[in-house]
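Given next are the chains, with one letter for each unit.
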Amino acid sequence: MTTILPRRGLLAAEWTKLRSVRSTPFILLVATMATVTIGVVQARSAAQGWDSWSTRDRTEFDPVLGSFTGFQLAQFAFALLGVLAVSTEFGTGTIRQTFITAPRRHQVLTAKLTVVGGIALAAGQALAFLTFFAGQLVLASKQLDVSLADPHVVRAVLGQGFYLFAVALIGVGIGAAIRHTAGAVATVTGLLFLTVMVFKAFTGAEPSNLTHWALSSAAQGLTWTTVPAPEWPSAGEGLLVCLTYLAATTGLAALSLRKRDI
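Residues numbered from 1 in each chain as written. Predicted model: local features only at pLDDT ≥ 70, side-chain atom pairs only at ≥ 80, totals over all residues. Heavy atoms only, no water.

Caption draft 1: Molecular detail of the overall build of the protein. In terms of regular secondary structure, the protein is built from 11 helices and 0 strands. For the protein, the succession of helices and strands along the chain, N to C, is α-α-α-α-α-α-α-α-α-α-α. Taken against the 2.2 N^0.38 rule, which gives 18 Å for 262 residues, the C-alpha radius of gyration of the protein at 20 Å falls within 12% of a compact globule. For the protein, the C-alpha atoms occupy an extent of roughly 75 × 40 × 30 Å along the three principal directions. For the protein, with 262 residues in total, the buried portion stands at 48%. Computed over 19 positive and 12 negative side-chain charges, the inter-centroid distance for the protein is 18 Å. (Helix = DSSP H or I, 4+ residues; strand = E, 2+ residues; numbered from the N terminus. Rg over C-alpha atoms; globule rule 2.2 N^0.38 Å. Buried < 20%, exposed > 50% of the residue type's maximum accessible area, 1.4 Å probe, protein only. Lys, Arg positive; Asp, Glu negative; His and termini not counted. Charge placed at Lys NZ, Arg CZ, Asp CG, Glu CD.)

Caption draft 2: Spotlight on helix α4 (residues 71-92). Its 22 residues give α4 an end-to-end C-alpha distance of 31 Å, which sits within 8% of 32 Å, the value for a rise of 1.5 Å per residue. Within α4, the axis deviates most sharply at L84, by approximately 35°. (Expected span 1.5 Å × (residues − 1). Bend = angle between axes of the 7 residues up to and from the residue.)

Caption draft 3: Seen up close, the packing of helix α7 (residues 153-178) against helix α11 (residues 235-259). Contact geometry of α7 with α11 gives a least axis separation of 8 Å together with a crossing angle of 20°. Our classification of the angle between α7 and α11 gives roughly parallel. When the axes of α7 and α11 are compared, the crossing they make is left-handed. For the pair formed by α7 and α11, the contact residues are R155, F162, Y163, A166, L169, I170, G173, I174, A176 and A177 on the first element and A235, L239, C242, L243, Y245, L246, T249, T250, L252, A253 and S256 on the second. A breakdown of the residues in the contact of α7 with α11 according to their chemical character gives 16 nonpolar, 4 polar and 1 charged. (Axes fitted to C-alpha atoms, helices over the stretch in contact; angles between N-to-C directions. Parallel < 35°, antiparallel > 145°, perpendicular 65-115°, else oblique. Left-handed = near helix turned anticlockwise from the far one by under 90°. Contact = heavy atoms within 4.5 Å. Nonpolar A, V, L, I, M, F, W, Y, C, P; charged D, E, K, R; others polar.)

Caption draft 4: Layout of the side chain of K112. Here K112 shows up in helix α6 (residues 105-139). A distance of 2.9 Å separates the side chain of K112 from the side chain of E14, its partner in a polar contact. Setting aside its immediate chain neighbours within four residues, K112 contacts E14, K17, A85, V86, E89, I95, G117 and V172. (Polar contact = N/O pair within 3.5 Å; in protein donor to acceptor, adjacent residues only side chain to side chain.)

Caption draft 5: Seen up close, the packing of aromatic side chains. Under the defined criterion, the tally for this structure stands at 8 aromatic pairs. On the numbers, 4.9 Å between centres and 70° between planes, the contact of F68 with F71 is edge-to-face. With respect to burial, F68 and F71 carry one shared label: buried. A centroid spacing of 5.2 Å and a plane angle of 65° characterise the contact between F132 and F133, whose relative ring orientation is edge-to-face. You can call F132 buried: its relative accessible area is 1%. Since its relative accessible area comes to 46%, F133 is described here as partly exposed. The rings of W50, W53 and F61 are connected pair by pair, giving a single aromatic cluster. For R105, the ring lying beneath its charged end belongs to F99, and the centroid distance is 4.2 Å. Positioned above the aromatic ring of W224, the side-chain terminus of R155 is 5.0 Å from the ring centre. (Phe/Tyr/Trp six-rings, centres within 6.5 Å; stacked < 30°, edge-to-face > 60°. Lys NZ or Arg CZ within 6 Å of the ring centre and 35° of its normal.)

Caption draft 6: How the structure looks around the nonpolar core. F78, Y163, L215 and C242 are the most contacted members of the largest nonpolar core, which totals 74 residues. Top element by residues in this core is α7. It accounts for 15 residues. Residue contacts for L215: discarding those within four places in its chain leaves Y163, I170, L191, L192, T195, C242 and Y245. (Core = buried A, V, L, I, M, F, W, Y, C linked by side-chain atoms within 4.5 Å.)

Encoded structure:
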């Protein structure tokens, strides 16, 4: 006789599955090491080159955004974490047993989103603050550092952590909709790195609001603290873009799970 898992048991099962997958700690460890290292290197480069910078370069320098350069890699790592949390089960066929013990498939998706989202939110915010403090420590050698009390800084750090949380859940949605790891990873890669180029191809060289709807632009909008570039959305627009992609991908995943057998 098959036991039907209650909601709390389903959350525990999803946590166990995600924790037991070897790729989970590896992805988070590599993302942390690479992101902090790149941020420190970028901050050191800025501090060393400051004396030779033009007045315009100095005016436009963003000590927070510059420290977050490595998050271009981190976003892919967190999205990959979300994809693998779903696509691995479909690849091995163990999703069948999951659906037997939890026939209401929307509850399975909700449990996966909750568990992945919890881990991504905690890890993403921790990584954002760690990278911020590491970068500011280096910038302090030239007195270029800022503190959390300065304008927009807390919003920018929290925004970067939120962005990693969002792309992880977008990865879950894409993984559940496509069900194949390679296809889902390719889709995530295009979404994160290619959409802004595609939008620019339609709008030409001039800045356009269309590019605001690229996820990479939304990340910049959430994270700037000094002078935003014309192609970046505001922080509020960046939040809206992330939530729109999140709603679209998770909605597509829910529809896929309901319409398709396995």
